[in-house]
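Here is what each chain is made of, one letter per residue.
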Amino acid sequence: MASGGFSVAALWTEVNRFGQNGDYTRALKSVNKILQECKDDVTALQCKVVCLIQSGSFKEALNVINTHTKVLGSDVITFEKAYCEYRLNRVESALKTIENASEQTDKLKELYGQVLYRLERYGECQAVYRDLIRNSQDEYEEERKTNLAAVMAALSTWDKASPEDLGLTETTYELCYNAACTLIGQGQLGEAMKKLRKAEELCRLSLSEDSDMTEEDIDLELAVIHSQMAYIMQLEGRTEEALQLYNQVIKLKPTDVGLLAVTANNIITINKDQNVFDSKKKVKLTNAEGVEHKLTKKQLQSIEFNKALLAMYTNQADQCRKLSSSLQTQNPGHPRPVLIQVAQLCKEKQHSKAIELLQYFSEQHPESASEIKLTMAQLYLIQGHVTKACDILRSIEEFKHKPGMVSALVTMYSHEEDIDSAIDVLTQAIQHNQVEEPGSSAHLSLVREAADFKLKYGRKKDAISDLEQLWTQNPKDIHTLAQLISAYSLVDQEKAKALSKHLPSPDKMSFNIDVDELENSHGATYVRKKAAKVVGIHHSNYDPKATPDPERWLPMRERSYYRGRKKGKKKEQVGKGTQGTTSGSSADLDASKTASSPPTSPRPGSTTTASSGVVPPRQQKPAAPGATRKKPQQKKKKGGKGSW
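Residues numbered from 1 in each chain as written. Predicted model: local features only at pLDDT ≥ 70, side-chain atom pairs only at ≥ 80, totals over all residues. Heavy atoms only, no water.

You'll find the protein chain entered in an unreviewed UniProt entry as Signal recognition particle subunit SRP72, with Scleropages formosus given as the organism. A UniProt comment under Function (unreviewed entry) is attached to the protein chain, and it reads "Component of the signal recognition particle (SRP) complex, a ribonucleoprotein complex that mediates the cotranslational targeting of secretory and membrane proteins to the endoplasmic reticulum (ER)." (UniProt positions renumbered as here; feature names shortened; annotations may be inferred.)

**Student:** Sorry, what's going on with the overall build of the protein chain here?
**Tutor:** Along its length, the protein chain carries 30 helices and 0 strands. Across the 644 residues in the protein chain, those meeting the buried criterion constitute 34%. Put simply, 47% of the contacts in the protein chain that link residues at least 6 apart link residues at least 24 apart. Looking at the protein chain as shown, the accessible area adds up to about 42400 Å², and 50% of this sits on carbon and sulfur atoms. (Helix = DSSP H or I, 4+ residues; strand = E, 2+ residues; numbered from the N terminus. Buried < 20%, exposed > 50% of the residue type's maximum accessible area, 1.4 Å probe, protein only. Contact = heavy atoms within 4.5 Å. Areas by Shrake-Rupley, 256 points an atom, 1.4 Å probe, with all protein chains shown as cover.)

**Student:** Sorry if this is basic, but what is going on with the environment of His334 here?
**Tutor:** Residue position: His334 is located in the loop between helix 18 (317-330) and helix 19 (335-347). Apart from residues no more than four positions distant in its own chain, His334 is found in contact with Gln301, Phe305 and Phe361. Of note is the side chain of His334, whose polar atom sits 3.1 Å from the backbone nitrogen of Arg336. (Polar contact = N/O pair within 3.5 Å; in protein donor to acceptor, adjacent residues only side chain to side chain.)

**Student:** Where do I start with the confidence of the model for the protein chain in this structure?
**Tutor:** Reading fine detail from the predicted coordinates is not recommended where pLDDT is low. Model confidence for the protein chain is summarised by a mean pLDDT of 82, while 81% of its residues fall at 70 or above. Confidence drops under pLDDT 50 across residues 569-644; counting only partners more than four residues distant or on other chains, this segment forms 28 contacts. (pLDDT = per-residue confidence, 0-100.)

**Student:** I tried to follow the environment of Leu95 on my own but got confused; where do I start?
**Tutor:** Secondary-structure assignment places Leu95 in helix 7 (residues 91-99). For the pair Leu95 and Ala82, spaced 13 residues apart in sequence, the C-alpha separation works out to 7.4 Å. Those residues in contact with Leu95 that lie beyond four places of it in its chain are Tyr112, Val115, Leu116, Leu119 and Arg121.

**Student:** Where do I start with the side chain of Thr146 in this structure?
**Tutor:** When you line up the elements, Thr146 lands in helix 10 (residues 141-158). Within the structure, the side chain of Thr146 is placed 3.0 Å from the backbone oxygen of Glu142, a separation counted as a polar contact.

**Student:** Mind showing me how you'd approach the packing of helix 20 (residues 351-364) against helix 21 (residues 369-382) here?
**Tutor:** Viewed as axis vectors pointing N to C, helix 20 and helix 21 meet at an angle of 160°, and their least axial separation amounts to 9 Å. For the element pair helix 20 / helix 21, the angle class is roughly antiparallel. With respect to the hand of their crossing, helix 20 and helix 21 are arranged in left-handed fashion. For the pair helix 20 and helix 21, contact is made by His351, Ala354, Ile355, Leu358, Gln359, Phe361 and Ser362 and by Ala369, Ile372, Thr375, Met376, Leu379, Tyr380 and Ile382, respectively. Its residues placed into classes, the contact of helix 20 with helix 21 shows 10 nonpolar, 4 polar and no charged. (Axes fitted to C-alpha atoms, helices over the stretch in contact; angles between N-to-C directions. Parallel < 35°, antiparallel > 145°, perpendicular 65-115°, else oblique. Left-handed = near helix turned anticlockwise from the far one by under 90°. Nonpolar A, V, L, I, M, F, W, Y, C, P; charged D, E, K, R; others polar.)

**Student:** Would you explain the UniProt feature "repeat: TPR" (unreviewed entry) in the protein chain in this entry?
**Tutor:** In the numbering adopted here, UniProt assigns the feature "repeat: TPR" (unreviewed entry) to residues 223-256. Secondary structure across residues 223-256 divides into 79% helix and 0% strand, with the first and last C-alpha atoms of the span separated by 10 Å.

**Student:** Can you walk me through the packing of aromatic side chains in this structure?
**Tutor:** Where two aromatic rings form a pair, the distance of their centres and the angle of their planes describe that pair. All told, the structure shown has 4 aromatic pairs when counted by the stated rule. Between Phe79 and Tyr83, the aromatic rings sit 6.0 Å apart at their centres with planes inclined by 20°, giving stacked as the arrangement. Of this pair, Phe79 and Tyr83 are both found in helix 6 (residues 78-87), 4 residues apart, which corresponds to roughly one turn of the helix. Residue classification places Phe79 among the partly exposed positions, given a relative accessible area of 22%. Sitting over the ring of Phe18, Arg17 keeps its end group 5.0 Å from the ring centre. (Phe/Tyr/Trp six-rings, centres within 6.5 Å; stacked < 30°, edge-to-face > 60°. Lys NZ or Arg CZ within 6 Å of the ring centre and 35° of its normal.)

**Student:** Which parts of the structure should I look at to understand unusual backbone geometry?
**Tutor:** When glycine is set aside, most residues are seen to have a negative phi, and most peptide bonds are trans. At Lys160, a position not held by glycine, the phi torsion is positive, near 55°. Here Lys160 is to be found in the loop between helix 10 and helix 11 (173-185). At Asn315, a position not held by glycine, the phi torsion is positive, near 60°. Looking at the secondary structure, you find Asn315 in the loop between helix 17 (297-313) and helix 18.

**Student:** What should I look at first to understand empty space enclosed by the protein in this one?
**Tutor:** Over the atoms, a rolling probe the size of a water molecule traces out where space has been left empty. One pass over the structure, following the stated rule, counts 1 cavity of 30 Å³ or more. Reported here for the largest cavity is a volume of approximately 40 Å³. As for the largest cavity, its lining consists of Arg394, Lys400, His401, Leu409, Val425, Gln428 and Ala429. Residue contributions to the lining of the largest cavity peak at 3 residues, all from helix 24 (residues 419-436). Each residue belonging to the lining of the largest cavity can be placed in one class, and the counts come to 3 nonpolar, 2 polar and 2 charged. (1 Å grid on protein atoms, 1.4 Å probe; cavity = no way out; pocket = protein on both sides within 12 Å on 5 of 7 lines; lining within 4 Å. Points joined across faces, edges and corners; volume = space filled by probe spheres on them.)

**Student:** What's the story with helix 20 in this structure? I'm lost.
**Tutor:** One turn of the α-helix equals 3.6 residues, which is why residues spaced by three or four share an orientation. Between its terminal C-alpha atoms helix 20 stretches 20 Å, which fits the 20 Å expected from 14 residues at 1.5 Å a residue. Every buried residue of helix 20 is listed here: His351, Ala354, Ile355, Leu358, Phe361 and Ser362. Buried positions in helix 20, seen along its axis, are confined to an arc of 130° and lie on one side of it. Residues of helix 20 that are exposed and point over 90 degrees away from its buried face: Glu356, Tyr360 and Glu363. (Expected span 1.5 Å × (residues − 1). Arc of directions from axis to C-beta.)

**Student:** Help me understand the pattern of salt bridges, please; the structure alone is not making it clear to me.
**Tutor:** A side chain of one charge can pair with a side chain of the opposite charge if their charged atoms are brought near each other. The tally for this structure, following the rule as stated, stands at 24 salt bridges. One salt bridge connects Lys195 with Glu170, and the closest N-O pair in it is separated by 2.8 Å. With Lys195 in helix 12 (residues 189-208) and Glu170 in the loop between helix 10 and helix 11, this residue pair connects regions lying 25 residues apart in the sequence. Here Asp420 and Arg459 are joined by a salt bridge, their closest N and O atoms 3.0 Å apart. Within this pair, whereas Asp420 is found in helix 24, its partner Arg459 is found in the loop between helix 25 (441-456) and helix 26 (460-473), the two being separated by 39 residues in sequence. (Salt bridge = Lys/Arg side-chain N within 4 Å of Asp/Glu carboxyl O.)

**Student:** Before we go on, may I ask you to explain the packing of helix 26 against helix 27 (residues 478-488) in this structure?
**Tutor:** Two quantities define a packed helix pair, namely the angle between the axes and the distance from one axis to the other. Taken N-terminus to C-terminus, the directions of helix 26 and helix 27 make an angle of 145°; their axes are 9 Å apart at the nearest point. Remark: the crossing between helix 26 and helix 27 carries left-handed chirality. Residue-level contacts link Lys460, Ile464, Leu467, Glu468, Leu470 and Trp471 of helix 26 to Thr480, Leu481, Gln483, Leu484, Ser486, Ala487 and Tyr488 of helix 27. Residues belonging to the contact of helix 26 with helix 27 are distributed by class as follows: 8 nonpolar, 3 polar and 2 charged.

**Student:** Explain the side chain of Arg144 to me, please; I cannot follow it from the model alone.
**Tutor:** For Arg144, the position within the fold is in helix 10. Of the residues examined, Arg144 reaches a relative accessible area of 5% and is grouped as buried.

**Student:** Looking at this structure, how should I read a negative patch on the surface?
**Tutor:** A cluster of acidic residues, Glu139, Glu142, Glu143, Glu174 and Glu221, forms a negative patch at the surface. Mapping Glu142 onto the fold places it in helix 10. The exposure class assigned to Glu142 is partly exposed, which follows from its relative accessible area of 36%. (Patch = residues over 30% accessible without salt bridge, like charges linked within 9 Å, V, L, I, M, F, W, Y side chains within 5 Å. Lys, Arg positive; Asp, Glu negative; His and termini not counted. Charge placed at Lys NZ, Arg CZ, Asp CG, Glu CD.)

**Student:** Would you mind showing me how to read helix 26 here?
**Tutor:** End to end, helix 26 covers 20 Å across 14 residues, agreeing with the expected 20 Å (1.5 Å per residue, within 8%). By the largest-angle criterion, Asp466 marks the main kink of helix 26, which is about 30°. The elements touched by buried residues of helix 26 are helix 24, helix 25, helix 27 and helix 28 (493-500). (Bend = angle between axes of the 7 residues up to and from the residue.)

**Student:** Where do I start with the environment of Leu52 in this structure?
**Tutor:** Structurally, Leu52 is set in helix 3 (residues 42-54). Excluding residues that lie within four positions of it along the chain, Leu52 makes contacts with Leu28, Ser57, Glu60, Ala61 and Val64.

Laid out in structure tokens, this is it:
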């Protein structure tokens, strides 16, 4: 009999009854009474821990476990301890507790999978769930499959792994949603959107069967699906549609702080440097309590980067520097914090300081130097230092032989009239491809570009080896053969003659072109005039008996019998008199003396001033021959703009 007039057995009966009814608060009171009589009762301590966990008091439950370690032992309550640590976001401690357990029970394995997922160890997590599905048969099989599908989606999205087909049937909207996320990670946006629409349909169908679910409740459940749809729209460039759907999700005010944070962040990325007032409101949603436990490290990192960029867009220079410096400390090898700092410096017109910062980072972190050096080259170009930009670009080993980079370098060197360096870039790229991809389309394309470039700048001798390589690959290429013969004609004429034998005969090169039809066709720049019709036959006055004039090859005025032209009346010529005058009568050129002369229109935008005394052309009347013009009476100037 316990003090107070009631037995311990009766208290255990209460604990059992309250527990079955789910009334853990009253069950806890009864357990505490038992512990007052039997403070080291193992069963009572276990029941107290369970009651506290069911009531959400994880910290207090963990304190009870740690206080009674000797009584409970390490294996008696391992699952409860690990679960409390997991719910308190002490994930590393939970992992250690599970791994130190002497026996791995099924419920410990379930928790182990959750812990691995939170730690982003997706490969190990996948193995745990596959083992559980294979060796378990209970009512939780559907949940395990959903968790496994979520792991596959994470592998595809964050680890960029190609997931294998596990044969998971998409019978629920959760499974369908996770399958869509996997497709997004693989870049299959169209198929992913179809899966999301199917998930939306299944969700509505499933929840509509519950009479307690309102339309608002259904919309809240669909919020995560709609947010993912908006993300696909954003990736596809349909930003207006994405923005509209994102804002619909925000207005619902879902309780999932992780969903709100991701949605708000994506709206900020669409706004960029526009609508910054809206972005400043949305950024508050990314700072909600508990967000750091709901999102992955990469998601949290992206949100912090965008906060720094928003500070730059809103002209908060000190805040931008503070955030980017903090990000660099947390992620010393990541190039993005440095690029944000550089962007802020460029905004302040400190380009030289920005280049120094980039140079230092590229030396300290060569593994991330490629992106940094591209930015350095861009800054050099902004300053007009083209050659320095080229030197930086040529130092990027992984890009220097790519077609795009080769094209950019050749263009810049050509702009600087440094043809030798441009040819050197092409030569190195060809040599690289000769080793890596001999005879490939990329290789031959570079050879063709090199040959054409050298011929364009008169380097025919240098082009010979390229042209020979191209002709060897395609002996039927007459154009290349002709270029090769032309180049050899400057170096080795015998070789040029030998190659010319490979040219097709004129008959084979004839394309049966009608020259007259071609010249008279639409768009011809030169049209040959047709000869006049011959009316009669004109015989030549050639006399075979006469002696030809020995001076017939000399110009007429240089011949001995030339006496010059006969003097006659000079023709009136324009422009032979005093500059600006003609020899004709000025009266003939006076438009006012011709009654039928139409007035000329003024030029667009032309104006007249009141003091000029000139009548605008549209008001000018033709005067009769011989009449004199009266000077128009000047009007007094009035304020405001005049009109025609």
